[in-house]
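Survey of secondary and tertiary structure
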Amino acid sequence: MKLLNVLCVVIIPVMMSCQKPQKKELISETDFSCDYNGKKVELFTLTNKNGLVCQLTNFGARVVSLWVPDKNGNFADVAVGYGTGKDFIDKKEYFFGGTIGRYGNRIGQAKFTLDGIEYQLEANNGENHLHGGSNGFYRQIWDVNQIDKQTLEFSLHSADMDGGYPGNVDVKVRYQFTDDNELKIEYFGTTDKLTVLNLTNHTYFNLKGAGAGTINDHQLMINADSFTPVDAGLIPTGEILPVKGTAFDFNNLTAIGERVDNDETQLSYGKGYDHNWVLNQSDEKLTLAAKVVEPSSGRILEVYTNEPGIQFYGGNFLDGVVGKGNKKYDFRTAFCLETQHFPDSPNQANFPDVTVTPGEEYYSICIYKFSSK
Ligand code: BGC
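Just so you know, these numbers come straight off a predicted model, no measurement behind them. (Residues numbered from 1 in each chain as written. Predicted model: local features only at pLDDT ≥ 70, side-chain atom pairs only at ≥ 80, totals over all residues. Heavy atoms only, no water.)

Glancing now at the UniProt feature "active site" (unreviewed entry) in the chain. UniProt records the feature "active site" (unreviewed entry) for His202 and Glu338 in the present numbering. Sequence-wise these annotated residues cover 137 residues; spatially they are packed, their C-alpha atoms never more than 6.2 Å apart. Summarising the element assignment, histidine 202 is placed in the loop between strand S18 (200-201) and strand S19 (204-205). Beyond its immediate stretch of four places on either side in the chain, histidine 202 contacts Tyr94, Phe95, Phe96, Gly97, Gly98, Ile100, His131, Tyr313, Cys336 and Glu338. Overall, the relative accessible area of 2% leaves glutamate 338 in the buried class. When sequence neighbours within four positions are dropped, the list of residues in contact with glutamate 338 reads His131, Thr200, Asn201, His202, Gly309, Ile310, Gln311 and Tyr313. (UniProt positions renumbered as here; feature names shortened; annotations may be inferred. Helix = DSSP H or I, 4+ residues; strand = E, 2+ residues; numbered from the N terminus. Contact = heavy atoms within 4.5 Å. Buried < 20%, exposed > 50% of the residue type's maximum accessible area, 1.4 Å probe, protein only.)

Now the structure itself:
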């Protein structure tokens, strides 16, 4: 009896507090790979000294998995998506984890004018153009240079008039998983003709773990006093409106689901949140753009960028597709925080400029930083 008491009072709590972090079930690089248009689709793995892992593929320079610990050191894959190259190719396209280009988000009426020349793009979202078209950068095979176990560079040549856009454009995306638990994504680009460029990453997160239910309970902060309202086709009206007094005010951490079904026209257009926020940029090079706290696991995501805007998309078009490990992704079970210039900027004179000229180097940075409490 005495021995049992000792066991219960001393040994069991000690055992619990020293619980081994849950095993990470990484996707096998061999199981992932396949061929696409005569090229090999492959999986690459980055790890930092704390054991955080990010798996990436050259099909669209995408994030495939992201293993991060909770407050007890238990790891979960917080990136929603598919688990094989074949699924990325064959199954419905949600842009899971993808590098989006040449232009992140929508361009109204699928056209814009530069230097007096009108460029016609693919209308792949009703009458509008979305995420660079149906064969955008997220569906291209990128060249790969894995520099070390924490750093990998993807590069892509996009020929003049690729997707309807002018200029031979060369882009590079560098992923680095730092020992400060930051997934650092840097974008570089050059062109030989005046063009537009707006690159972003389309990782869908659920901080409880991919496929672990709603994100309405996640708390969100967006460092923005205003946003760009849209019309029914999700094209900005050109206005920049204050968020104060609306469901778009995320200046203080607020549960995503608290106001998402409010009776506001902007929410009805997006079926919830699917909008660009105008970031309060500081003098520092990088702005803390957004922060997400998941109360049950204690996982925290912070997003830093040099971009003027961020698209917060609440997974309103997820419709029960089955992804990695047979997990089902239902309505609002993942969110994206896409750092960017504003949607439709090529047609909106009062939005920050998205043109790139020959000789200029395009540069953009997005940091997804993980912690827990
Ligand atoms: C857009 C959504 C779109 C989604 C694609 C987001 O960046 O803002 O409207 O449906 O990407 O899944």
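Let us look at the site of the ligand. Lining the immediate surroundings of the ligand are 13 residues, of which Arg106, His202, Tyr204, Asp274 and Glu338 lie closest. Here an oxygen atom of the ligand and a side-chain polar atom of aspartate 274 are 2.4 Å apart. At 3.2 Å from an oxygen atom of the ligand is found a side-chain nitrogen or oxygen belonging to glutamine 311. If the ligand stood free it would expose 310 Å²; the protein chains cover 95% of that surface. Tallied by class, the residues present in the shell around the ligand amount to 6 nonpolar, 4 polar and 3 charged. (Near = heavy atom within 4 Å. Polar contact = N/O pair within 3.5 Å; in protein donor to acceptor, adjacent residues only side chain to side chain. Areas by Shrake-Rupley, 256 points an atom, 1.4 Å probe, with all protein chains shown as cover. Nonpolar A, V, L, I, M, F, W, Y, C, P; charged D, E, K, R; others polar.)

Scanning the model with the defined rule gives 31 aromatic pairs in all. Aromatic pair phenylalanine 250 and phenylalanine 312: ring centres 6.2 Å apart, planes at 75°, arrangement edge-to-face. Taken together, the residues phenylalanine 250 in the loop between strand S22 (241-242) and strand S23 (254-255) and phenylalanine 312 in strand S27 (residues 309-313) connect sequence positions 62 residues apart. Exposure class is identical for phenylalanine 250 and phenylalanine 312. Each is buried. Members of the aromatic cluster, connected to one another through ring pairs, are Phe32, Tyr82, Phe88, Tyr94, Phe96, Tyr204, Tyr313, Phe317 and Tyr329. A cation over a ring is seen here: lysine 24 above phenylalanine 75, with NZ or CZ 4.0 Å from the ring centre. In this arrangement the basic side chain of arginine 259 is found over the ring face of phenylalanine 250, its NZ or CZ atom lying 4.8 Å from the centre. (Phe/Tyr/Trp six-rings, centres within 6.5 Å; stacked < 30°, edge-to-face > 60°. Lys NZ or Arg CZ within 6 Å of the ring centre and 35° of its normal.)

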